[in-house]
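So the chains spell out like this:
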Amino acid sequence: MLIFPESRKKILVTGGAGFIGGAFIRNLLMTTQMKIYCIDKMGYASDLTSVTKTISLLGDKAKDRFTFINSNIADKIALEKAIDISDPDIVVHLAAESHVDRSISNPSIFVESNIIGTFNLLQSLLNHWENLTKERKNNFRIIHISTDEVFGSLGESGYFVETSSYDPRSPYSASKASADHLVKAWFHTYNLPIIVSNCSNNFGPWQFPEKLIPTAVIKASTNKNIPIYGDGRNIRDWLFVEDHVDALQAIINKGKIGESYCIGSQNEKSNKQIVQLICKVLDKQRPDLAPHSKLIKYVSDRPGHDHRYAIKPLKISRELSWKSKSNFQECLENTVIWYLNNSTWIETVMQKSNYKGERLGLNV
Ligand code: NAD
Ligand code: DAU
């Protein structure tokens, strides 16, 4: 169990109904005694099933520790109210529009949530922090969750590190980069105690079915083509979501105010490789439909498709003693099996959001 100081009793998680937020809240429920406040606008990718399941397993005490606030952080008044209600000691800021393809089709909502939302949060939290008692003020932290995509696109060699230049290339990554700049400015100008994390691609159960891994499993298991953009040679650095959660705990407990930490597990795979691995797991689980790789279809490329992301997580490993613990192959296999066993959840979230598995993000 993680021990937090007395002055760290209440945590506000923005975007807690999303994929990573859900994993983070489940972990808080299971490993701490903190009072957890979750603010989320309940967008298309939001779902609280995993959190409510965990609460019912843990019982009434856990129920009393969790408060959900259905609000949009771009709405200043609603956000201020949420901060008043939650009176946080720690804020973990995950709320963001998160899908590159959707940012190509509809960038304005990315500006609203990721930039205006972050600006509102900083202003409201500055006011909150300035009015805390000395001890609470000293222990207060805001962890701003960013992405490796703000650093742009790598060639065949090299890595992103904390000092890499910002070079965002999609509306999504540009909005996240803007948010990072605001956050850093509020630290330098107003001394607001903020720490930034830049993480690589996450995977695991409960991820909304629009991103590569759930898309591949869902398409292949329903005998539909698995779309690979371009030539499939684009590379991502995959991290199991529970490892990301561990890294966030390490940052809350040991991170240095004003610093950034890059999070990744040095687990680079091309899109072609990752889809082939998924197909192999499916062949084992559903031999009657093997080989699933026959369903792979190369489709037109994502506009402005970044070639490669790769993190060198030396700083977080040296300074916070964090490194990813999970076995990638085992976690990928379990994730594929989880999607196979949870078709009702998939249908429910897709129906709720009116997402039918169509191709997103073509700007022509
Ligand atoms: P997600 O889309 O699954 O969840 C995001 C949540 O934020 C959703 O529930 C959504 O409703 C909420 N949200 C968005 N705008 C909001 C607003 N204006 N007000 C209130 N709530 C709002 O995304 P995720 O994969 O869980 O990502 C969470 C965070 O982590 C994001 O900031 C993302 O940029 C970052 N990140 C994600 C990855 C990844 O691989 N998924 C990697 C690195 C960083
Ligand atoms: O790197 C961190 C980022 O990872 C996060 O900041 C984002 O929130 C998260 O969505 C993710 O962005 P990507 O664009 O890398 O993820 P996505 O799953 O959309 O795509 C992964 C790769 O797979 C990318 O190269 C595009 C490709 N792809 C994606 C889909 C959905 C396909 O080839 N086919 C597909 O159907």
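Structural data are supplied above this passage.
Enquirer: What should I look at first to understand the side chain of threonine 32 in this one?
Expert: Relative to the elements of secondary structure, threonine 32 occurs in the loop between helix H1 (19–31) and strand S2 (35–40). The class of threonine 32 is buried, set by a relative accessible area of 1%.

Enquirer: What is the right way to read the sheet that holds strand S6 (residues 194–199) from this model?
Expert: Strand-to-strand pairing in sheets goes through backbone hydrogen bonds, with the strands running parallel or antiparallel. Here we have seven strands laid out as an open sheet, ordered S3-S2-S1-S4-S5-S6-S11, and parallel in their pairing. Both edges of this open sheet fall to strand S3 (66–70) and strand S11 (260–263), since each of them pairs with a single strand only. Here the strands of the sheet are splayed against their neighbours by 20 degrees on average, with no regard to which way each runs. Pairing of strand S5 (residues 141–147) with S6 involves six bridges; the strand directions are parallel. Within the sheet, the bridge partner assigned to isoleucine 145 lies in S6 and is serine 197.

Enquirer: What's the story with the site of ligand 1 in this structure? I'm lost.
Expert: Neighbouring ligand 1 are 29 residues, the closest being Asp40, Ser46, Asn72, Tyr172 and Lys176. At 2.7 Å from a nitrogen atom of ligand 1 is found a side-chain nitrogen or oxygen belonging to asparagine 72. Within the backbone of leucine 94, an N or O atom sits 2.9 Å from an oxygen atom of ligand 1. Contact with the protein chains removes 96% of the 830 Å² of surface that ligand 1 exposes when unbound. Elements represented by at least two residues in the shell around ligand 1 include exactly H1, S5 and helix H8 (171–190). For the shell around ligand 1, the element with the most residues is S5, which contributes three residues. Its residues placed into classes, the shell around ligand 1 shows twelve nonpolar, 13 polar and four charged.

Enquirer: Hey, could you run me through empty space enclosed by the protein in this one?
Expert: To find leftover empty space, a probe the size of one water molecule is rolled over the atoms. Throughout the structure, instances matching the rule amount to three cavities of 30 Å³ or more. Here the largest cavity is characterised by a volume of approximately 60 Å³. Around the largest cavity sit Ala17, Gly18, Phe19, Gly22, Arg26, Ala45, Asp47, Ser50, Trp206 and Trp345, which together line it. Residue composition of the lining of the largest cavity, by class: five nonpolar, three polar and two charged. Taken as a whole, the second largest cavity holds about 50 Å³ of empty space. Forming the walls of the second largest cavity are Val100, Ile104, Glu149, Ser170, Arg236, Arg302, Pro303, Gly304, His305, Asp306 and Tyr309. Residues of the lining of the second largest cavity, tallied by class, amount to four nonpolar, three polar and four charged.

Cut-offs applied
- Position labels on residues start from 1 in each chain and follow its written sequence.
- Both sets of labels track the order of writing: A upward for chains, 1 upward for ligands.
- Per-residue local features are limited, in this predicted model, to residues with pLDDT of at least 70; the limit for side-chain atom pairs, both in listing and counting, is 80 or more; totals at the level of whole chains, interfaces and linings are taken over all residues.
- Calculation of side-chain values draws on the structure's entire complement of heavy atoms; hydrogens and water are dropped beforehand.
- The secondary structure listing takes helices from DSSP runs of H or I that are at least 4 residues long and strands from runs of E that are at least 2 residues long, numbered from the N terminus.
- Each residue's exposure class comes from its accessible area (1.4 Å probe, protein chains only) as a fraction of the maximum for that residue type: buried when under 20%, exposed when over 50%, partly exposed otherwise.
- Here, a strand pair is defined by DSSP locating no fewer than two bridges between the strands.
- Angles run from 0 to 180 degrees between N-to-C directions of axes, and those axes are lines fitted to C-alpha atoms, restricted for helices to the stretch in contact.
- Proximity is defined per residue: if any heavy atom of the residue lies within 4 Å of a molecule or strand, that residue is considered near it.
- Here a polar contact is recorded for every N or O atom pair within 3.5 Å, except that within protein the pair must consist of a potential hydrogen donor and a potential acceptor, and residues adjacent in sequence are included only if both atoms are side-chain atoms.
- Only the protein chains shown count as cover for residues, and the accessible areas themselves come from Shrake-Rupley with a 1.4 Å probe.
- Classification convention: Asp, Glu, Lys, Arg as charged; Ala, Val, Leu, Ile, Met, Phe, Trp, Tyr, Cys, Pro as nonpolar; all other residues, Gly among them, as polar.
- Using only the protein atoms, space was sampled on a 1 Å grid; points where a 1.4 Å probe fits but cannot get out form cavities, open sets with protein on both sides within 12 Å along at least five of seven lines form pockets, and lining residues are those with an atom within 4 Å of a point.
- Grid points are joined across faces, edges and corners, and a volume is the space filled by probe spheres set on the points.

Any link to function would need more than the numbers given here.
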